[in-house]
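Spelled out from the first residue to the last, the chains are:
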Amino acid sequence: MNIQIKNGRLIDPRNKIDAQQDVFIAERRIAAIGKAPQGFVAEQVIDASGLIVMPGLVDVAARLREPGYEYKATLESEMTAAVAGGVTSLSCPPDTDPPLDEPGLVEMLKYRARSLNQARVFPLGALTYGLKGTELTEMIELTEAGCKAFSQADAPLTDTRVLLRAMQYAATFGYRVWLRPQDSFLAKNGVAHDGEVATRLGLPPIPVVAETTALATALQLAGETGVKLHICRISSAAAVEMIRTAKHEGLAVTCDVSMNHVHLTEMDIGFFDANCHLVPPLRSLRDRDALRAGLKDGTIDAICSNHSPVDEDAKQLPFAEAEDGATGLELLLPLVLKWAEQERVPLLDALVQVTINPALLLGQKIGHLSVGAHADICVYDPKSTWKVEPAALKSQGKNTPFNGYEMQGRVRYTLLDGQIVFQQ
Amino acid sequence: MNNPQLNKQGELQHLLSTEGLPVPILRDILDRTASFVNVAAGSEIKKVPLLHGKSVFNLFFESSTRTRTTFEIAAKRLSADVVNLNIGSSSTSKGETLLDTVHNLCAMHADMFVVRHSSSGAAHLIAQHVAPEVHVINAGDGRHAHPTQALLDMFTIRHYKKEFHNLRVAIVGDVLHSRVARSQIHALTTLGVPEVRVIAPKTLLPACVERLGVHVYHDMLPGLRDVDVVMMLRLQNERMQGALLPSAQEYFKYYGLTQERLALAKEDAIVMHPGPMNRGVEIDSSVADGPHSVILPQVTFGIAVRMAVMSMLAGNT
């Protein structure tokens, strides 16, 4: 279907466009920007007056909970949440049950996702069998099945020799390795940042050195093996500085941060709010400010939702016993906008973090609106405000530290492959 | 942020922590305790009818003899009906969640819960979910708080020292794992003690502990010098397994309270311990049983302070 999106403010970070331009879609792709191609007849016109037209968001970390945890969330529920949040592509960590360590599982997930025809799903393969940290998975097979990189998710990989070999093997074939740095001994039983709040509340701590020692190891091994390393969900000022240095030294390293850590700190735990039981833990204000600085200077490449839906019962427990995680797909865009506004980052720069940068991390030709690209588009109203209410969220996960927050920016249309998959 | 312990009138609705307790409420509890010490101390009046017709549920998810017993005695002296539940060995092992247990007990018309749990924040969680007329007393949650212990300690200090504003207090031992220490620190600083010290090796102190308003010492000698009150903490034997300490012997050698070390404190210093004591690990028997020790009076005051808290809560509906 030929669609014209007219009168909107087009923001395309990859092509550095921030201007009032119409978008013309034909045969599921971007046919033209600005002027209609010759002979173009719009079958549908979307009036985007006062709205912002941007590439659909690319979220590098969204747990869909399938297979294995359907009581927390299903593909149906979470894909609906994704497009409601303007997210048209997402990558999911391999920590399902069973983990994504077999090509068949990956093919099944891809097939299920495709048949729902909502967001694109790019699975990450398990780096080791069962995420146990001992044996390598069949990375070539998994890549052929659709995996875009290899990851341990949050499972520990304590044997550094296995890590070295996993990186060597991945480097042989040019595969990217994604790691969330955390020393499992230093973080053992911990549930909160090792700071004033954990001390006051008597919560078992996770020190910053749990992140930095693991990060130092990963960076050393990446330098040794030449693997393309992506560091997931950094949380501390010290880690930002280490990655900044590594990048200056020319190491092929990238990293992302969760939107929760861009906005919240340990103080938000308040009186044991289990919605703030997150992995990695919310750290100090100083750490949060360093993460924001890292986003500004390009040390951090992407902001993700770290969407991790949890069932209600698993949160109705004392803080340490409550399951970690929060829903996030529907909050990613407004939280990026909030950060951009607070830090006075121009939209064209801010949206890099949720469009072209994550697309490049996944090695996909998405996240931009060049002529010929897939017409994956998010149209949102920058003036519309709304309040986060659990019942109104499409995700099956209703828990978020942002419950009750006022958000600015509401998605009006989401297009995937030139088709409207969400509108309100 | 709302203080979850207070009702809309600013009165005590639950006792969850000594942190954030307004000074007038703290002082009120100590004053009431003084009046109950007489009831408790074997005078003519053994019972008062302040909680007559009320049901107090002792909800112990973690085993405890002393604390549970003192709560039970306190409730009975206030004429309440007391139900003891050792949940550790019943419902939760059958898969019932903490909140299901609480909802069920609310349906049995409980008026007050006394809760002990191994997880920090358990009492807060329960307080958020009980019916509005039900009161919750935290009898110890994880490493977080043990407010009635701290209150009885404050009463003991006031009993022997009269005032708080001129005191130097040292807390010695495993602050890291201690809910008692946290509650003591908040109570002492709230009541205006100008100098609170903690003395322990670095492995037994939590991060940023100085932000709680204490001075940190790693050495007993300067730490105990000229203090008015020495509050010892229990050292649990498991601490050796976690590589926090090499041995009980070495700990005693450097951090044990001996008569020789106590001599560094003021001449009239008092020595306190929340119990149960490990003689020869954190405290020498000659100190525990010596003239400076007020450890047994602490236990006696413990009943009165719990009566004070329960009666105050029952009056705030």
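Throughout this document, residue positions are counted from 1 along each chain, in the order its sequence is written. Ligands are numbered from 1 and chains lettered from A, in the order in which they are written. Where local features are concerned, this predicted model is filtered to residues with pLDDT of at least 70; where side-chain atom pairs are given and counted, the filter is 80 or more; whole-chain, interface and lining totals use all residues.

1. Brief notes about the overall build of chain B
Now for step 1: We count a stretch as a helix when DSSP gives it H or I for four or more residues in a row; a strand needs E for two or more, and each element gets its number in order from the N terminus. When its secondary structure is counted, chain B shows 11 helices and nine strands.
Now for step 2: The globule rule used for comparison is 2.2 Å times the number of residues to the exponent 0.38, while the radius of gyration itself is calculated over C-alpha atoms. Here chain B has a C-alpha radius of gyration of 19 Å; the compact-globule value for 317 residues is 20 Å, and the two agree.
Now for step 3: Counting only C-alpha atoms and orienting by the principal axes, one finds that chain B spans roughly 55 × 45 × 40 Å.
Now for step 4: By the burial criterion, 50% of the 317 residues in chain B qualify as buried. Think of it as a crowd count around each C-beta: if 20 or more other C-beta atoms lie within 10 Å the residue is buried, if 12 or fewer it is exposed, and in between it is partly exposed, with C-beta placed from the backbone throughout.

2. Considering the overall build of chain A
Now for step 1: Broken down by element type, chain A carries 13 helices and 21 strands.
Now for step 2: A globule of 424 residues ought to have a C-alpha radius of gyration of about 22 Å, and chain A, at 21 Å, matches this closely.
Now for step 3: With respect to the three principal axes, the spread of C-alpha positions in chain A is 65 × 50 × 45 Å.
Now for step 4: Evaluated residue by residue, chain A yields a buried proportion of 59% over its 424 residues.
Now for step 5: For the purpose of contact definition, each residue receives a C-beta atom placed from its backbone, and two residues are in contact when these atoms lie within 7 Å. Within chain A, contacts between residues separated by at least 24 positions form 75% of all contacts whose residues are at least 6 apart in sequence.

3. What about the nonpolar core?
Now for step 1: Ranked by size, the top nonpolar core spans 240 residues in total, and within it Val177(A), Ile171(B), Val172(B) and Val230(B) carry the most contacts.
Now for step 2: It is helix H11 (residues 295–315) of chain B that contributes the most residues to this core, 10 residues altogether.
Now for step 3: Those residues within four positions of Val172(B) in sequence are excluded, and the remaining contacts are Ile199(B), Ala200(B), Val230(B), Met231(B), Met232(B), Leu233(B), Tyr255(B) and Leu257(B). Definition of nonpolar core: a set of buried Ala, Val, Leu, Ile, Met, Phe, Trp, Tyr and Cys residues joined via C-beta atoms within 7 Å.

4. Things to note about the sheet that holds strand E6 (residues 195–199) of chain B
All names here are of chain B.
Now for step 1: The five strands lie next to each other as E7-E6-E5-E8-E9, forming an open sheet whose pairing is parallel. The open sheet has two edge strands with one neighbour each: strand E7 (215–217) and strand E9 (270–272). Averaged over neighbouring strand pairs, the angle between their axes works out to 20 degrees when direction is ignored.
Now for step 2: Sheet analysis places strand E5 (residues 168–172) next to E6, joined by five bridges and oriented parallel. Looking at the pairing, alanine 170 lines up with arginine 197 of E6. Criterion used throughout: strands pair if DSSP finds at least two bridges between them. With axes taken as lines fitted to C-alpha atoms, and helix axes fitted only over the stretch in contact, angles between N-to-C directions fall between 0 and 180 degrees.

5. Some details on the packing of helix H4 (residues 160–172) of chain A against helix H6 (residues 208–225) of chain A
All names here are of chain A.
Now for step 1: The N-to-C vectors of H4 and H6 enclose an angle of 40 degrees; their axes lie 9 Å apart at closest approach. Taken as axis vectors, H4 and H6 run oblique relative to one another. Along this stretch, H4 crosses H6, giving a crossing that reads as right-handed. Taking contact as the criterion, the partners of Thr160, Leu163, Leu164, Met167, Gln168 and Ala171 in H4 are, on H6, Thr217, Leu221, Ala222 and Thr225.
Now for step 2: Three classes are used, and their members are as follows: Ala, Val, Leu, Ile, Met, Phe, Trp, Tyr, Cys and Pro are nonpolar, Asp, Glu, Lys and Arg are charged, and the others, Gly among them, are polar. When grouped by side-chain class, the residues that make up the contact of H4 with H6 number six nonpolar, four polar and no charged. The cut-offs work like this: below 35 degrees is roughly parallel, past 145 is roughly antiparallel, 65 to 115 is roughly perpendicular, and the gaps in between are oblique. Crossings are sorted by hand: turned counterclockwise from the far helix by less than a right angle, the near helix makes the crossing left-handed, and turned clockwise it makes it right-handed.

6. Describing unusual backbone geometry
Now for step 1: Put simply, Val279(A) and Pro280(A) share a cis peptide bond, and its omega is -5 degrees.
Now for step 2: Between Gly275(B) and the following residue, Pro276(B), the backbone shows a cis peptide bond with an omega angle of -10 degrees.
Now for step 3: Take Pro276(B): it is sitting in the loop between E9 and helix H10 (285–288).
Now for step 4: Within the chain, Arg28(A) stands out as a residue other than glycine whose phi angle is a positive 70 degrees.
Now for step 5: Locating Arg28(A) in the fold gives a position in the loop between strand E4 (23–26) and strand E5 (29–33).
Now for step 6: Positioned with a positive phi, Lys162(B) is a non-glycine residue whose angle comes to about 70 degrees.
Now for step 7: With respect to the element layout, Lys162(B) can be found in the loop between helix H5 (147–161) and E5.

7. Focus on the interface of chain B and chain A
Now for step 1: With 24 residues of chain B in contact, the opposing surface of chain A contributes 20 residues.
Now for step 2: Per element, the largest residue contribution to the side of chain B that touches chain A is three residues, and it comes from helix H4 (residues 122–129) of chain B.
Now for step 3: Of the residues in the side of chain B that touches chain A, the class split is 11 nonpolar, eight polar and five charged.

8. As for the pairing of strand E2 (residues 81–86) of chain B
All names here are of chain B.
Now for step 1: Of the strand pairs in this sheet, strand E1 (residues 55–60) and E2 are connected by six bridges, and their pairing is parallel. Bridge assignment links phenylalanine 57 to a residue of E2, and that residue is valine 83.
Now for step 2: The handedness of the E1 to E2 crossover, carried by helix H2 (residues 66–77), is right-handed. Seen with the strands pointing away from the viewer, any crossover whose path from the first strand over the helix to the second strand runs clockwise is right-handed.

9. Considering H4(A)
Residues and elements named next belong to chain A.
Now for step 1: Under the 1.5 Å per step criterion, the end-to-end length of H4 is 18 Å for 13 residues, consistent within 8% with the ideal 18 Å.
Now for step 2: The set of residues buried in H4 consists of Leu163, Ala166, Met167 and Ala170. Down the axis of H4, the buried set is contained in an arc of 95 degrees. They therefore lie on one face.
Now for step 3: In the segment just after H4, glycine 174 is the residue with positive phi, at about 75 degrees. By definition here, a helix of n residues has an expected span of 1.5 Å times n minus one. Working definition: the arc comes from the directions between the helix axis and the C-beta atoms, pointing outward to the latter.

10. Looking at the sheet that holds strand E16 (residues 228–231) of chain A
By definition, the strands of a sheet pair up through backbone hydrogen bonds, in either a parallel or an antiparallel sense.
Residue and element names in this part refer to chain A.
Now for step 1: Ordered by their spatial adjacency, six strands build an open sheet running E11-E12-E13-E16-E17-E18, and the pairing between neighbours is parallel. Looking at strand neighbours, the two that pair on one side only are strand E11 (125–126) and strand E18 (302–304), the edges of this open sheet.
Now for step 2: Of the pairings in the sheet, the one linking strand E13 (residues 176–179) to E16 comprises four bridges and is parallel in character. Residue tryptophan 178 lies in a different strand from E16, and its bridge partner there is histidine 230.

11. Considering the environment of Asp12(A)
Residue and element names in this part refer to chain A.
Now for step 1: Following the sequence through the fold, aspartate 12 ends up in strand E2 (residues 9–12).
Now for step 2: A count of 26 C-beta atoms within 10 Å places aspartate 12 in the buried class.
Now for step 3: The sequence separation of aspartate 12 and serine 370 amounts to 358 residues, and the corresponding C-alpha distance is 8.4 Å.
Now for step 4: Setting aside its immediate chain neighbours within four residues, aspartate 12 contacts Ile17, Met54, Pro55, His368 and Leu369.

12. Some points on H5(B)
All names here are of chain B.
Now for step 1: When the terminal C-alpha atoms of H5 are compared, their 20 Å separation across 15 residues agrees well with the 21 Å that a helix rising 1.5 Å per residue should span.
Now for step 2: Looking only at H5, the buried set comprises Pro147, Thr148, Gln149, Ala150, Leu151, Leu152, Asp153, Met154, Phe155, Thr156 and Ile157.
Now for step 3: With its phi angle positive at about 70 degrees, lysine 162 sits one or two positions after the end of H5.

13. A closer look at the pairing of strand E8 (residues 229–232) of chain B
Residue and element names in this part refer to chain B.
Now for step 1: Burial of the side chains of E8 extends over both faces: Val229 and Met231 are buried on one face and Val230 and Met232 on the other.
Now for step 2: One ladder, built from four bridges, connects E5 with E8; its direction is parallel. Looking at the pairing, valine 169 lines up with valine 229 of E8.

14. Overview of the packing of helix H1 (residues 75–84) of chain A against helix H2 (residues 103–116) of chain A
Residue and element names in this part refer to chain A.
Now for step 1: Interaxial distance between H1 and H2 falls to 10 Å at its minimum, and their mutual angle equals 55 degrees. Regarding the angle of H1 to H2, the classification is oblique. Considering only the axes of H1 and H2, their crossing is right-handed. Taken together, the residues of H2 that come into contact with H1 (itself represented by Leu75, Glu76 and Met79) are Arg112, Ala113 and Leu116.
Now for step 2: Grouping the constituent residues of the contact of H1 with H2 by class yields four nonpolar, no polar and two charged.

15. Describing the environment of Val175(B)
Residues and elements named next belong to chain B.
Now for step 1: Relative to the assigned elements, valine 175 resides in the loop between E5 and helix H6 (179–190).
Now for step 2: Considering only alpha carbons, one finds valine 175 and leucine 205, 30 residues apart in sequence, at a separation of 5.4 Å.
Now for step 3: Non-local contacts of valine 175, meaning those with residues more than four positions away in its chain, are made with Ala181, Val198, Ala200, Leu204, Leu205, Pro206, Val209 and Leu233.

16. Section: the confidence of the model for chain B
Now for step 1: The predictor reports its confidence for every residue as pLDDT, a score running from 0 up to 100. When pLDDT is averaged along chain B, the result is 93; 95% of the residues meet or exceed 70.
Now for step 2: Taken over the whole predicted complex, pTM reads 0.95, whereas the ipTM for its chain interfaces reads 0.94.

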